[in-house]
Amino acid sequence: MEVISSVDEMRAIAAKAHADGKKIGLVPTMGALHAGHLSLIARARQERDFVVVSIFVNPTQFGPKEDYHRYPRSLEADSRKCENAEVDVVFAPLAVDMYPGGFDTWVEVKGPAEVLEGQSRPGHFQGVATVCAKLFNIVRADRAYFGKKDYQQLTVIRKMVDDLNMNVEVVAVDTMRERDGLALSSRNSYLDKREREAALVLSSSLETARKVYESGERNTKAIQTRVWNIIAAEPLAQVEYVVVVDAETLTPVETIERPVAVLLAVRIGSTRLIDNTVIGE
Ligand code: AMP
């Protein structure tokens, strides 16, 4: 396995793999790899001849008051995990090489990027879309693997690929959870013991949403209120949003007739966590 930071070197390796007729799979990450990331990598390994994992804490997707500097970084341990997972190349570029002086081009998705995380985190999806477009061009992957954990991100990337006719197939991988239900996230490392317990309200409220739907409820407002109340009852939790929206377009729905996504963002202490579930599939 090679660990590469140079953009030009990555392009050369990708061009060679491409010329050799290899199918390239890309798993874009910000590092601090956990079992959720590894499930994306395993899927890529199963399906592709050549697997590239990018590790890049992308500065342009963090707001000025967000955790860019505090975000966990562990390139050595991450590289070992990738080696064990039989990754071909870890691509870990430097921010100055991805965004050199004079960098002036941004990809702006509207529609599904304008709501929820897009409102809470202005500029976030512009950063995500731009870095993914760059990674797709550098790595020339024909499949890129994304987690459903970041459901809106997945939707935005699909929209970008579709709208801009990019030659990459987006593969969605199920959310990996701890035994008690908490979705694995690099940001879980910020939680202390009490907060870790409180964080269970995210997955347990989503579980309730699913049960309420299964018992026949089709009114989205009723489901949203149930979820909201469960989270509000946890003293360490502060709800940022809870919505039940069309699973494909993320637009509001009144009555569930097609699959919907229940999406939520909650602050546990100072840590902002997101989670979701799709119901009615
Ligand atoms: P990140 O490093 O947080 O940017 O995540 C990189 C990729 O891993 C994204 O496509 C995420 O959706 C995905 N991912 C993060 N957490 C999980 C999880 N618990 N299960 C599955 N995929 C995940």
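None of these values were measured; they are calculated from a predicted model. (Residues numbered from 1 in each chain as written. Predicted model: local features only at pLDDT ≥ 70, side-chain atom pairs only at ≥ 80, totals over all residues. Heavy atoms only, no water.)

Student: Sorry, what's going on with helix α1 (residues 7-19) here?
Tutor: Residues that lie three or four places apart on an α-helix share one face, since the helix turns once every 3.6 residues. The end-to-end C-alpha distance of α1 is 18 Å, a good match for the 18 Å that 13 residues give at a rise of 1.5 Å each. For α1, the set of buried residues is Val7, Met10, Ile13, Ala14 and Ala17. When α1 is viewed along its axis, its buried side chains cluster within an angular range of 130 degrees and face the same direction. For α1, the exposed residues lying more than 90 degrees away from the buried face are Asp8, Lys16 and Ala19. (Helix = DSSP H or I, 4+ residues; strand = E, 2+ residues; numbered from the N terminus. Expected span 1.5 Å × (residues − 1). Buried < 20%, exposed > 50% of the residue type's maximum accessible area, 1.4 Å probe, protein only. Arc of directions from axis to C-beta.)

Student: Got a minute to help me understand the domain arrangement of the protein in this structure?
Tutor: Interface extent is often summarised as the accessible area lost during association of the parts. If you check the domain split of the protein, you get domain 1 (2-173) and domain 2 (186-279). Here the C-alpha centroids of domain 1 and domain 2 sit 26 Å apart. Contacts between the two partners involve 21 residues from domain 1 and, on the opposite side, 18 residues from domain 2. When domain 1 packs against domain 2, close to 1,600 Å² is buried across both sides, 51% of that on carbon and sulfur atoms. The largest per-residue losses of area from domain 1 upon contact with domain 2 belong to Arg70, Leu116 and Tyr151, which jointly make up 37% of the total buried on that side. One can count 2 salt bridges joining domain 1 with domain 2. Across the pair glutamate 117 and arginine 272 runs a salt bridge, and its minimum N-O distance is 2.8 Å. Applying the counting criterion to the domain 1 and domain 2 interface returns 11 residue pairs in polar contact (both at pLDDT 80 or more). (Domains from an automatic or database assignment. Contact = heavy atoms within 4.5 Å. Buried area = accessible area lost by both parts, 1.4 Å probe. Salt bridge = Lys/Arg side-chain N within 4 Å of Asp/Glu carboxyl O. Polar contact = N/O pair within 3.5 Å; in protein donor to acceptor, adjacent residues only side chain to side chain.)

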